[in-house]
Amino acid sequence: MIAFQQQILNLIKCFRRQWPLFSNSERTTVCGADCMLMVLQLSMAEVNKQHHGDFTVSLSDVLETWKYLLHDKLGLSYENMKEPENYADLKKTYHAFLARSNMLDLIDVFQKCYGLGLVSEDESIAPVQLLEFISGIMNVQENNGSVLSTPSTPVKRQGQENVKVTILAKKCVCSYLSLLVNSKDDLALAHILNVPDRGLDREAFTNLKHASQKRKMSIFLMATSFIRTVELGGRGCASSSFDPLKAHVKGLSNFVNFIDKLQEIVGEVLNPRIAGGRILSTVKMHLIKGRSNGDPFCQAVEEVVQDLDLKIKNIIDSQHDVLTASTTGVSPARPKLHSVNHDTVYCGRDTVKVLLVLLDEEAVNPPTQNKAELLYDDESLNLLGVTPVLTLFRSPAQSNGSSPKPLRQRIQKSMDEKKIKLKQSSIKSQFACTYKNELNETKGQHFLSSNQIPTCIHPAPKQLLKAGYLTGMNSCLDVPVLGTISENVHPTRSYTETGKLSCQPRNKDSKNEQMDLNNDKVICDKESEPSLQKNAKKPKTSKNPQKELDSKVGGKRQHSKTSSKNKLIAGQGKLTHFFRL
């Protein structure tokens, strides 16, 4: 098994040496067996959403399509296998995802190396062998021959849980390294966007994904562009106020700034050994921040970082040995073509190469045997605060009734409600004493008694306005002003005199007041001045002559106080009548 892994690693080294023949970027990463299966799962879910409307796929369908895809890409016979539904669209989506993420899977590297003749006959690999390795058959055969099956015990189950946590910790650390060297790796970003917790849930990832698809760029580049726009500010650079990403500025800023910190280490530290160790140490401190020392995840992260740091050291030592062996017998005086300081031309290039070799070694690891745990193990991931990849890429569904109705329906509904309100009787303002539509409802009204304030009985039928009416219309509300007079008022009286008659304060003698009102024939509108029996004070009849004499002796000043006290406020009678009903 190890020998076969070394053969695959040699293929990847050929790809690294001749990378311009394979891709457009030196930082293209290699997609391992587990990564290939996860990309296939996402591609199938996307195709199912296009054809059936649901972004989901069953495990059995994934495994059947996985087997068919491997045989198809390797050119092996698949006559006895049934072609999956919408296979052409699925295969197209799979390769589009890899191309968009700047990745190549193991089968692509194998085919291109053999197609370009970069592999010697001694190091040749049969397609069947590669199929057995990627599908996990080779690893299963070795395990069955070396390890006997043992019954499940609590100690064994605890060991299995520790293995799951270790795999998750390794995936997180490698995802940070992969995103550092390949900013287009959307799958790596999905693993670490909210690890540790930054408040970037499914909604934040969905908004990022939609924005990146709209702008045709990777998710990480979209997040970086958004944060740079927010930091720059200004009228020309400010983002839209309706941008859904504004709700996640804090978490996205934390994530982007941390990746910037790792990139600064790559660019500033020229020694790959020191730079690699510092990057791993920074990632470790970031992952275990806020966790206790006894947390299994913290222990797993520390073990993974130590292992990767040792691998970086071995990679640098092996490269140094190869460089020493290749330069034996060469004169120290190099040609001018090689006199360029590569550290100044491409800062951190050696560190990036070391990290790519490290990721290549992780890509040739045997695949996970339990595919269900790899693709659908939601419970163990949720316990560690990690959201599964399939759940992240699935847009959160809105509950029924939560989404707003279309704008046209909402406008029509508001207009209907306004029409209903106009039909219903509404309470007028207290500042409007009379109204246009109630101007002629004053006939047939009379006062009940001499000791009561004039009230209105059943209104008479509405009539058209007569020319004799003196109405003061409000310019804005189109309603008459205070002091509307009926047609029986003497025509020679002026507007001020009639206003005095209608709003004249009551005297203490109720009989004299009734006579004045009858002589002037001032009729009160029904709704403008109804009865004030509850709130308004009734005019008091003076029974004590001594008090009446004192009030008269009080003079004009005391009389004005009494009149202002008994004076009605415009609209007060109408409100009192409303609450009395």
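Higher on the page you've got the structure.
Calculation rules
- Residues numbered from 1 in each chain as written.
- Predicted model: local features only at pLDDT ≥ 70, side-chain atom pairs only at ≥ 80, totals over all residues.
- Heavy atoms only, no water.
- Axes fitted to C-alpha atoms, helices over the stretch in contact; angles between N-to-C directions.
- Helix = DSSP H or I, 4+ residues; strand = E, 2+ residues; numbered from the N terminus.
- Parallel < 35°, antiparallel > 145°, perpendicular 65-115°, else oblique.
- Contact = heavy atoms within 4.5 Å.
- Nonpolar A, V, L, I, M, F, W, Y, C, P; charged D, E, K, R; others polar.
- Salt bridge = Lys/Arg side-chain N within 4 Å of Asp/Glu carboxyl O.
- Buried < 20%, exposed > 50% of the residue type's maximum accessible area, 1.4 Å probe, protein only.
- Phe/Tyr/Trp six-rings, centres within 6.5 Å; stacked < 30°, edge-to-face > 60°.
- Lys NZ or Arg CZ within 6 Å of the ring centre and 35° of its normal.

Here we come to the packing of helix 3 (residues 59–74) against helix 5 (residues 106–115). Orientation of helix 3 relative to helix 5, taken along the N-to-C sense of each, is 10°, at an axis distance of 10 Å. With respect to their mutual orientation, helix 3 and helix 5 come out roughly parallel. Two secondary-structure elements touch here, helix 3 through Leu70, Lys73 and Leu74 and helix 5 through Ile107, Asp108, Phe110 and Gln111. Across the contact of helix 3 with helix 5, the residue classes tally to four nonpolar, one polar and two charged.

The next thing to look at is the pattern of salt bridges. Evaluation of the coordinates by the stated rule reveals 13 salt bridges. Among the salt bridges present, the one from glutamate 26 reaches arginine 349, with a minimum N-O distance of 3.4 Å. Taken as a pair, glutamate 26 in the loop between helix 1 (2–17) and strand 1 (29–31) and arginine 349 in helix 16 (residues 349–363) lie far apart in primary sequence, 323 residues in all. The exposure class assigned to glutamate 26 is buried, which follows from its relative accessible area of 18%. Arginine 349 gets classed as partly exposed once you look at its relative accessible area, which sits at 28%. Notably, a salt bridge pairs lysine 311 with glutamate 362, separated by 2.8 Å at the nearest N-O pair. Of this pair, lysine 311 sits in helix 14 (residues 296–326) while glutamate 362 sits in helix 16, and the two are 51 residues apart along the sequence.

A few words now on the packing of aromatic side chains. Enumeration over the complete set of coordinates arrives at nine aromatic pairs. Relative to tyrosine 114, the ring of phenylalanine 110 has its centre 4.6 Å away and its plane inclined at 55°; by these criteria the two rings are tilted. You can see phenylalanine 110 and its partner tyrosine 114 sitting in helix 5, four residues apart, about one turn around the helix. Look at tyrosine 114 and you get partly exposed, because its relative accessible area is 29%. Taken together, the ring pairs connect Tyr68, Tyr78 and Tyr87 into an aromatic cluster. In this structure, lysine 209 is placed above the aromatic ring of phenylalanine 55, and the distance from its NZ or CZ to the ring centre is 5.8 Å.

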